[in-house]
Amino acid sequence: MSKARSKAAGAAGDASNRLKNLPVDRILQGDCISVLNRLPEKSVDVVFADPPYNLQLKDTLHRPDNSKVDGVDDAWDQFSSFQAYDRFTQDWLDAVRRVLKDTGTLWVIGSYHNIFRVGHALQNLDFWILNDVIWRKSNPMPNFRGTRFTNAHETMIWAAKSADARGYTFNYHALKTMNDDVQMRSDWLIPICAGKERLKDGDKKTHATQKPEALLYRVLMASTKPGDVVLDPFFGTGTTGAVAKMLGRHFVGIERETAYIKAAQKRIAGVEPLDADVLSYTTGKREAPRVPFGQLVERGLIRPGEVLVDGRRRYTAKVRSDGSLIADRTKGSIHQVGAAVQGAPACNGWTFWHVEKRGELMPIDVFRQQLRGEIH
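Cut-offs and rules
- Residues numbered from 1 in each chain as written.
- Predicted model: local features only at pLDDT ≥ 70, side-chain atom pairs only at ≥ 80, totals over all residues.
- Heavy atoms only, no water.
- UniProt positions renumbered as here; feature names shortened; annotations may be inferred.
- Helix = DSSP H or I, 4+ residues; strand = E, 2+ residues; numbered from the N terminus.
- Contact = heavy atoms within 4.5 Å.
- Areas by Shrake-Rupley, 256 points an atom, 1.4 Å probe, with all protein chains shown as cover.
- Core = buried A, V, L, I, M, F, W, Y, C linked by side-chain atoms within 4.5 Å.
- Buried < 20%, exposed > 50% of the residue type's maximum accessible area, 1.4 Å probe, protein only.
- Phe/Tyr/Trp six-rings, centres within 6.5 Å; stacked < 30°, edge-to-face > 60°.
- Lys NZ or Arg CZ within 6 Å of the ring centre and 35° of its normal.
- Pairing = 2+ DSSP bridges.
- Axes fitted to C-alpha atoms, helices over the stretch in contact; angles between N-to-C directions.
- Expected span 1.5 Å × (residues − 1).
- Arc of directions from axis to C-beta.

The protein chain is annotated in an unreviewed UniProt entry as Methyltransferase from Eilatimonas milleporae. We quote the UniProt Sequence similarities (unreviewed entry) comment for the protein chain here in full: "Belongs to the N(4)/N(6)-methyltransferase family." As its UniProt record puts it under Catalytic activity (unreviewed entry), the protein chain is described as follows: "a 2'-deoxyadenosine in DNA + S-adenosyl-L-methionine = an N(6)-methyl-2'-deoxyadenosine in DNA + S-adenosyl-L-homocysteine + H(+)".

### Describing the overall build of the protein chain
Along the protein chain, the regular secondary structure elements total twelve helices and 16 strands. Considering only residue pairs separated by 6 or more positions, the protein chain has 69% of its internal contacts joining residues 24 or more positions apart. Looking at the protein chain as shown, the accessible area adds up to about 20700 Å², and 48% of this sits on carbon and sulfur atoms.

### Let's talk about the nonpolar core
Counting 34 residues, the largest nonpolar core has Leu36, Leu39, Val44, Val47, Trp92 and Leu106 as its most contacted members. Of all elements in the fold, only helix H2 (32-36), strand S2 (44-49), helix H3 (82-99), strand S3 (100-110), helix H4 (115-124), strand S5 (153-160), strand S9 (229-232) and strand S10 (250-255) reach the threshold of two or more residues within this core. Looking at this core element by element, the count peaks at seven residues for H3. Apart from residues lying up to four places away in sequence, Leu36 is in contact with Trp92, Ala95, Val96, Arg98, Val99, Leu231, Pro233 and Ile254.

### Quick notes on the packing of aromatic side chains
The geometry of an aromatic ring pair is captured by the separation of the ring centres together with the interplanar angle, meaning the angle of the planes. Summed over the entire model, instances satisfying the criterion amount to twelve aromatic pairs. Judged by centre distance (6.1 Å) and plane angle (45°), the ring pair of Trp107 and Trp188 falls under tilted. Of this pair, Trp107 sits in strand S3 while Trp188 sits in strand S6 (residues 187-190), placing them 81 residues apart in sequence. Summarising the burial analysis for this pair, Trp107 and Trp188 share the class buried. Grouping aromatic residues by their ring pairs yields a cluster made of Trp107, Trp158, Tyr168, Phe170, Tyr172 and Trp188. Of note, Lys137 hangs over the ring of Trp135, and the distance from its end group to the ring centre comes to 5.0 Å. Directly above the ring of Trp188 sits Arg218, whose terminal nitrogen or CZ lies 5.0 Å from the centroid.

### A look at the sheet that holds strand S14 (residues 330-332)
The strands making up a sheet associate through hydrogen bonds between their backbones, and the pairing can be parallel or antiparallel. Strand order in the open sheet made by the six strands is S14-S13-S12-S11-S15-S16, with antiparallel pairing throughout. The open sheet terminates on both sides in strands that have one partner only, identified here as S14 and strand S16 (360-363). Across this sheet, the average inter-strand angle for adjacent strands is 35°, counted without regard to direction. Sheet topology note: the strand S12 (residues 316-319)/strand S13 (residues 325-327) ladder contains two bridges and is antiparallel. Looking at S13, one finds that Val319 is bridged to Leu325.

### Looking at the pairing of S5
The buried fraction of S5 amounts to seven of the eight residues, a majority that puts the element mostly inside the structure. Note: strand S4 (residues 128-137) against S5, eight bridges, orientation antiparallel. What sits directly across from Trp128, in S5, is Ala160.

### Things to note about H3
Taking 1.5 Å as the rise per residue, H3 with 18 residues should run 26 Å; its terminal C-alpha atoms sit 26 Å apart, in good agreement. The complete set of buried residues in H3 reads Ala84, Tyr85, Phe88, Thr89, Trp92, Leu93, Ala95, Val96 and Val99. Along the axis of H3, the buried residues cluster in a sector spanning 160°; they form a single face. Next to the buried residues of H3 lie H2, S2, S3 and H4.

### Observations regarding the side chain of Arg368
Within the fold, Arg368 resides in helix H12 (residues 365-375). Once residues within four sequence positions are removed from consideration, Arg368 is found in contact with Val291, Leu296 and Trp350.

### Overview of the sheet that holds strand S1 (residues 26-29)
If you trace the eight strands from one edge of the open sheet to the other, you get S1-S10-S9-S2-S3-S5-S4-S6, paired in mixed fashion. Bordering the open sheet on either side are S1 and S6, each of which pairs with just one other strand. Across the sheet, the axes of successive neighbouring strands diverge by a mean angle of 20°, strand direction being ignored. Here four bridges tie S1 to S10, and the two strands are oriented parallel to one another. Following the sheet pairing, Ile27 is matched in S10 by Gly253. Lying on the sheet, helix H6 (residues 213-223) is in contact with S2, S3, S4, S5, S6 and S9; it crosses S6 at an angle near 140°. Against the sheet, helix H8 (residues 258-269) engages S1 and S10, with an angle of about 175° to S1.

As structure tokens, this is what we get:
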């Protein structure tokens, strides 16, 4: 078995063992801090948290026609003081930090009421902020009293566990492809949850702050891979779980309220996962498995003794049994020999050298991509 295949098999085994110890694709009822403290340490890949905003609402809000605005007046959003909210924030962030893998990342969303306090707590716990992302709402609720600007955005903080964290997932090329080959920015224009997507009990919203699936789709496409585990400690009506299931990710949800859990379970049960062949996404060269030229030789895709030529047939080199090339008196790798025959300081041998197959010149990179596909 090749090193690449052995490594892939080992990673698959580790993932399988990790999933056995996690209650994946389930909603766990209870206080999020207590439940988090019962989960295995360093076991989840990404956390998406939509905590209480502590809105501090004092008066009932009415529209100009005197109809009541269905705002957030739930008990779970109410705290006795900023100090109480800060203690709660530190406790749940500390619990999240324990279950998050060292290569994992955390997303937290909030409004101006709470996001600055959350950010302060994050940095005190040594999380490292990678981005703050502005969710700009294309259809925000107006400011009916006309005393302030319309609150048209919320802020998401994306953070790693430490300043020197390495290996976290960021699907840069996939996001760029989603954005018509333009680098994805940190201001996202996405409508609020409305229409058929908004869960309701009669005329009343099931959950006051249900997030749109489009928002979670982008979050998970940016920072997870198929098979990853996404934990949501404030699960609500299950937007994170619904999108995770659709995109071939696992989820762990934590929620206190029975009504929300029932709504989330029904919602997620109706989600059809995408087929495996469409779950793949655009990646960059650095993310592709490394395939040495020697592996092409040992697999028989290119044989010892075959002659390689450049695309214009100006230079030739012969393949040796160990995957090195020889051209005149020059010996070395495909890159070294390619540079030497041209008198150039460097050369990408994968695109420079070609082999003749059935009368046609083919770049040797074609065979590398074939092997990469097998490894993947």
